[in-house]
Amino acid sequence: GESVGLHLPTLSVQEGDNSIINCAYSNSASDYFIWYKQESGKGPQFIIDIRSNMDKRQGQRVTVLLNKTVKHLSLQIAATQPGDSAVYFCAEITRLYNFNKFYFGSGTKLNVKP
Amino acid sequence: GAGVSQSPRYKVAKRGQDVALRCDPISGHVSLFWYQQALGQGPEFLTYFQNEAQLDKSGLPSDRFFAERPEGSVSTLKIQRTQQEDSAVYLCASSNHRVAGFDEQFFGPGTRLTVL
């Protein structure tokens, strides 16, 4: 099977600082990569995606960087807020016959200190 | 509008008991996925439906796990003779289906299953 991400580490940041969450993936043939945010007791929530032919994509306060050479994905959150505290997962998406199969990493827990 | 809903939200089962977990996808979504999420881990793919057809069940861990979506909307994940290792959060996700490109998956809140 595919191998994405790291065993659950924890990142603690001060409110207002920038956060960088990293992820390693294994399948160089993956078509898309997505970052999800999961709060306690909820399902994963889509944050931002990036296609394999891109190396950077920006959203509101978030930026995803893709380095295909070293199979590395990162999520940058600007001006981190307490509401950003959650577990963040990267996922790689591989096209199989006629559907997209998602492979998730184990996640990073982000603690934002007020 | 309404998102993906799952019921029950919590289920405690005695070892050996059968359980059934329900997923109501977003109306009109063709694709439906089931995932298993162990504590501190990312979701692991179990099975995929396109309408009522189960196109991929490669992630089901054993023949005790069975999923169905008979009318192409609501889906049920059934686990027979539950074991302690089945304890996890079971997530359902739905999406539109495009022939090419990326379909965002919308996740439900999950059912937390605890097997004693």
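What counts and how
Residues numbered from 1 in each chain as written. Chains lettered and ligands numbered in written order. Predicted model: local features only at pLDDT ≥ 70, side-chain atom pairs only at ≥ 80, totals over all residues. Heavy atoms only, no water. Helix = DSSP H or I, 4+ residues; strand = E, 2+ residues; numbered from the N terminus. Polar contact = N/O pair within 3.5 Å; in protein donor to acceptor, adjacent residues only side chain to side chain. Contact = heavy atoms within 4.5 Å. Buried area = accessible area lost by both parts, 1.4 Å probe. Salt bridge = Lys/Arg side-chain N within 4 Å of Asp/Glu carboxyl O. Nonpolar A, V, L, I, M, F, W, Y, C, P; charged D, E, K, R; others polar.

Our focus in this paragraph is the side chain of K37 of chain A. All names here are of chain A. Tracing the backbone shows K37 in strand β3 (residues 32-38). Reaching out from K37, the side chain makes a polar contact with the backbone oxygen of G83 at a distance of 2.7 Å. In this view, K37 contacts G43, P44, Q45, I47, G83, D84, A86, V87 and Y88; residues no more than four positions away in its chain are not counted.

Attention now goes to the interface of chain B and chain A. Taken residue by residue, the interface counts 27 residues in chain B and 24 residues in chain A. When the two sides are added together, the surface that chain B and chain A hide from each other amounts to roughly 2000 Å², 55% of it contributed by carbon and sulfur. Taken together, the connections running from chain B to chain A amount to one salt bridge. The shortest N-O distance in the salt bridge between D56 of chain B and K101 of chain A comes to 3.5 Å. Connecting chain B to chain A are four residue pairs in polar contact (both at pLDDT 80 or more). Residues of the side of chain B that touches chain A, tallied by class, amount to 12 nonpolar, 10 polar and five charged.

Limitation: the analysis is restricted to geometry and does not speak to function.
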